[in-house]
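Next come the chains, spelled out residue by residue.
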Amino acid sequence: MKVRTRFAPSPTGYMHIGNLRTALYAYLFAKKNKGDFILRIEDTDRARYVPDAVDFIKRTLKAANIVADEGPGIGGEFGPYVQSERMEIYKKYAMELIEKGAAYPCFCDDKREETANGEDNKFGGYNRACRDIPADEAKKRMENEPFVVRQKMPLTGETSYFDVLHGAISFNNEELEDQVLLKRDGMPTYNFANVIDDHLMEVTHIIRGAEFITSTPKHVLLYQALGWEPPAFIHLAPVMGKAADGSVSKLSKRHGATSFEDLANMGYLPEAIVNYVALLGWNPKNSTQEIFSMDELIEEFSLEGLSKSNSVFDYEKLGWMNGEYLKAMDSAKFSELAKPFAGDLGALEAEWEKIAALLKTRISRLDEIPAEIAFLKEMPPFDASLYINKRNKVTAEFAKEILPNVLELLETVPDNEWENDKLYEKLNAFITEKGYKKGAALWPIRISVSGKSATPGGATEILAILGKTESLARMKNSLQNLT
RNA sequence: GGCGCGUUGGUCAAGUGGUCUAAGACACCGCCCUUUCACGGCGGUAACACGGGUUCAAAUCCCGUACGCGUCACCA
């Protein structure tokens, strides 16, 4: 049988990284098995509906390079792929279930009736009273009264199912509520639409979050009532976030950027995000590889590699991985991608390629760029302590000694020779001649034109980028401040 | 609280009864390299939640406890 998986988000306008991971695993599993991956929109909650959310979801999947074979706007033989467009289908099956005695209409006024004496409060106050309404009376009342369709749960025994990840899971039927299948507004609930659609769309493997473990027995009962074979269930452990105080809880906005979009805006590459997220809860068998292209993920993916326990999202590691992608990236591509993050470069505009080359190996996120290059645009305030460097045995005294000579030398460099290699050559010759240590001599030079202890690039690279006029002006100024 | 699921270093994790004096990665620390920082190279610190079983042998199987997470909606 052809493997078919689906990603079934509700359109809330936010693609949480945990959801993205669920989509990714469903996609990887389908593709690994030469199957289909379906996008289905679960918009049965009218109150929560967000207008552009479907486009948003599609854009996010596209950015993540997760491509659906079927879905809204994509087509496929099992449409429509938006649940609000399938109401007639759900209604039909709801009536069939009533007919079969596996469900019944409920005319109770409100969702949560308070029970008088606190007894039978197990189901939020719902007391199963409408179960006992005779069939013909119920049918009649359905014509004139608003109602809800509830699933008639067995009162005894147990229902169990096999989860590919967790093994056999069983629940006592008495724990199961007569849950609503069809709401008063005619919309199905998740628990109902889900079963109908997964069956009709021939989904073979349901890969979804662990929050559905407890509602799965209800789904299984529905499959049974309808005479359908349930698909395989795979319930994924959740992704957690770590708060500032070190506490761990389900990933949410209070943990900072947690949506794919936020992360991308911070300058994490989509490929890196996908790669990192793939490894949060899954890892390859028989290998310690960590950097994966999408094709490699597909090739390596297997359900056996899924982890049963929660995982904590770690920006630190994502940053490392992003840096790996940045370093491996083609220079031209990096420069193009990084440019929007650089802001207004002013006079340095023409030097961007050089700047980008220095940046490439030393950032983990693209949005670190402005802070990294700010010193190029404007000389930071003078700070004498920067001229002291223990390792190279550099002191302010030494800076005062060497800088005037360097200035003198640099002034003789013609404009057309003001570039890294030439500058390095000349400075190196000067250093050798004077008998200085290279590291020691270059330190004050770099500080005098950058005003920063750590900079992308060394002394001559910075000189080259700043240009002769600016470099000399900065150096003179620093020297003045120094004395 | 009931029910369910889980628990290997700070984090991601390998490990499916002996090869575990428990892999790898991030982070951290040290050394080397070095035109600073970084990159890179080498090395180090650091874990089987606890208690009982079963077994010749347990991180691996069973039971209990603790802790964490989930769920108990006309939300998904």
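All residue numbers refer to positions counted from 1 along the written sequence of the respective chain. Here the convention is simple: chains get letters from A, ligands get numbers from 1, in the order in which they are written. Per-residue local features are limited, in this predicted model, to residues with pLDDT of at least 70; the limit for side-chain atom pairs, both in listing and counting, is 80 or more; totals at the level of whole chains, interfaces and linings are taken over all residues. Where side-chain values are given, they derive from all heavy atoms of the structure, hydrogens and water being excluded.

**Focus on the state of the cysteines**
For the record, the criterion: The definition used for a disulfide is geometric: two cysteine sulfur atoms within 2.5 Å. In this scheme, a residue with accessible area under 20% of its type's maximum is buried, one over 50% is exposed, and one in between is partly exposed, where area comes from a 1.4 Å probe on protein chains only.
According to the stated counting rule, one finds zero disulfides in the structure shown. Looking at the unpaired Cys106, the closest cysteine sulfur is the one in Cys130, lying at 3.6 Å. Looking at Cys106, the relative accessible area reads 1%, which means it is buried. We note that Cys130 lacks a disulfide partner, and the nearest cysteine sulfur, in Cys108, lies 3.5 Å from it. The buried category is assigned to Cys130, whose relative accessible area is 7%.

**Details of the packing of aromatic side chains**
Put simply, the rule reads: In this analysis, rings of Phe, Tyr and Trp, with Trp reduced to its six-membered ring, are considered paired at centre separations within 6.5 Å, and the interplanar angle assigns stacked below 30 degrees, edge-to-face beyond 60, and tilted for intermediate values. Runs of H or I in DSSP of at least four residues are treated as helices and runs of E of at least two as strands, each being numbered from the N terminus. Look at NZ for Lys and CZ for Arg. If either is within 6 Å of the ring centre and within 35 degrees of the ring normal, a charge sits over the ring.
A complete count under the given rule lists 13 aromatic pairs for this structure. When the centroid spacing of 6.1 Å and the interplanar angle of 65° are considered together, the rings of Trp282 and Phe292 count as edge-to-face. Placement of the pair is Trp282 in the loop between α8 (270-278) and α9 (294-300) and Phe292 in the loop between α8 and α9, with a sequence separation of ten residues. Residues Phe313 and Tyr315 carry aromatic rings whose centres are separated by 4.9 Å and whose planes lie at 70° to one another, so their mutual orientation is edge-to-face. By the ring-pair criterion, three or more aromatic residues cluster together here, those being Tyr25, Trp282, Phe292 and Phe301. Across the ring face of Phe107, the terminal group of Arg141 is positioned such that the distance to the ring centre comes to 4.3 Å. One Lys or Arg, Arg446, reaches over the ring of Trp443 and ends 4.9 Å from the middle of that ring.

**Quick notes on the pattern of salt bridges**
Put simply, the test is: Think of a salt bridge as a Lys or Arg side-chain nitrogen and an Asp or Glu carboxyl oxygen that are within 4 Å of each other.
Overall, the coordinates contain 25 salt bridges when judged by the stated rule. A salt bridge links Arg4 to Asp36; its shortest N-O distance comes to 2.9 Å. Of this pair, Arg4 sits in strand β1 (residues 4-7) while Asp36 is found in strand β2 (residues 36-39), placing the two residues 32 residues apart along the sequence. With a relative accessible area of 5%, Arg4 lands in the buried category. In this structure, Arg6 engages Asp198 in a salt bridge whose closest nitrogen and oxygen atoms are separated by 2.9 Å. A residue pair is termed long-range when its members are at least 10 positions apart, and Arg6 in strand β1 and Asp198 in helix α5 (residues 190-200) qualify at 192 residues. Of the two residues examined, Arg6 and Asp198, each falls in the buried class. Connected via shared salt-bridge partners are Arg6, Arg40, Glu42, Arg86, Asp197 and Asp198.

**Section: helix α2 (residues 53-63)**
We count it as follows: What the arc covers is the set of directions going from the helix axis to the C-beta atoms. Only heavy atoms enter the contact rule, under which two residues are in contact if any of them lie within 4.5 Å.
When we look at burial in α2, the residues that qualify are Ala53, Val54, Phe56, Ile57, Thr60 and Leu61. Seen end-on, α2 carries its buried residues on one side only, within an arc spanning 160°. Pointing more than 90 degrees away from the buried face of α2 are the exposed residues Arg59 and Lys62. The secondary structure elements touched by the buried residues of α2 are β1, α1 (17-32), β2 and α7 (260-265).

**Some remarks on the pairing of β2**
Spelled out, the test is: Place the viewer so that the strands point away; then a crossover is right-handed whenever the path from the first strand over the helix to the second strand goes clockwise.
Burial of β2 is two-sided: the residues Asp36 and Ile38 facing one way and the residues Phe37 and Leu39 facing the other way are all buried. With respect to chirality, the unit in which β1 leads through α1 into the neighbouring parallel β2 is right-handed.

**Focus: the layout of surface pockets**
So the rule is basically this: In this analysis the probe radius is 1.4 Å and the grid spacing 1 Å, with only protein atoms considered; a cavity is a set of points the probe fits into but cannot get out of, a pocket is an open set with protein on both sides within 12 Å along at least five of seven lines, and lining residues have an atom within 4 Å of a point. Grid points are joined across faces, edges and corners, and a volume is the space filled by probe spheres set on the points. Amino acids are sorted into nonpolar (Ala, Val, Leu, Ile, Met, Phe, Trp, Tyr, Cys and Pro), charged (Asp, Glu, Lys and Arg) and polar (every other residue, Gly among them).
Of the volumes computed, that of the largest pocket is approximately 1100 Å³. Lining of the largest pocket is provided by 43 residues; of these, Ala8, Ser10, Arg48, Glu211 and Phe212 occupy positions nearest its centre. With four residues, the top contributor of residues to the lining of the largest pocket is α1. Here the lining of the largest pocket is composed, by residue class, of 18 nonpolar, 13 polar and twelve charged.

**Let's talk about the side chain of His219**
Mapped onto the fold, His219 is located in helix α6 (residues 216-226). On the basis of relative accessibility, which here comes to 0%, the residue His219 falls in the buried class. When neighbours within four sequence positions are excluded, His219 is seen to be in contact with Tyr190, Asn191, Asn194, Val195 and Arg208.

**Examining the protein's contact with RNA strand B**
Here is the rule: The near set for a molecule or strand comprises every residue that places at least one heavy atom within 4 Å of it. Identification of polar contacts relies on pairs of N or O atoms within 3.5 Å, with a donor-acceptor requirement for protein atoms, meaning one able to donate a hydrogen and the other able to accept it, and with residues adjacent in sequence counted only if both atoms are side-chain atoms.
The local shell around RNA strand B holds 68 residues, among which Thr44, Asn283, Glu290, Arg362 and Tyr424 are the closest. Backbone atoms, meaning sugar plus phosphate, form 73% of the atoms of RNA strand B positioned within 4 Å of the protein. Between a phosphate oxygen of RNA strand B and a main-chain N or O atom of Tyr190, the distance comes to 3.0 Å. Broken down by class, the residue content of the surface near RNA strand B amounts to 21 nonpolar, 20 polar and 27 charged.

**Description of unusual backbone geometry**
Even without a glycine there, the phi angle at Lys34 is positive, about 55°. Locating Lys34 in the fold gives a position in the loop between α1 and β2. Positive phi outside glycine occurs at Lys393, with the angle close to 55°. By secondary structure assignment, the location of Lys393 is in the loop between α13 (369-377) and α14 (396-411).

**Considerations on the nonpolar core**
Stated formally: Residues grouped as a nonpolar core are buried Ala, Val, Leu, Ile, Met, Phe, Trp, Tyr and Cys residues, joined through side-chain atoms within 4.5 Å.
Counting 106 residues, the largest nonpolar core has Ile17, Ile66 and Leu410 as the members making the most contacts within it. The greatest single-element share of this core, amounting to ten residues, is contributed by α1. With residues near it in sequence (within four places) discarded, Ile17 still touches Val239, Leu251, Thr258, Ser259, Phe260, Leu263, Ile273, Val277 and Phe313. Counting residues in hydrophobic clusters, the runner-up holds 40 residues, among them Tyr81, Phe107, Ile133 and Ile169.

**Focus on the environment of Val149**
Mapped onto the secondary structure, Val149 falls in strand β4 (residues 148-151). For the pair formed by Val149 and Trp282, sequence separation is 133 residues and the distance between their alpha carbons is 39 Å. When neighbours within four sequence positions are excluded, Val149 is seen to be in contact with Ala94, Ile98, Ala103, Tyr104, Pro105, Gln179, Val180, Leu181 and Leu182.

**As for the pairing of strand β3 (residues 103-106)**
Operational definition: A pair of strands counts as paired when DSSP detects no fewer than two bridges linking them.
Residues Ala103 and Pro105 of β3 are buried on one face, and the alternating residues Tyr104 and Cys106, pointing to the opposite face, are buried as well. By the bridge criterion, four bridges tie β3 to β4 in an arrangement that is antiparallel. Paired with Cys106 across the bridge in β4 is Val148.

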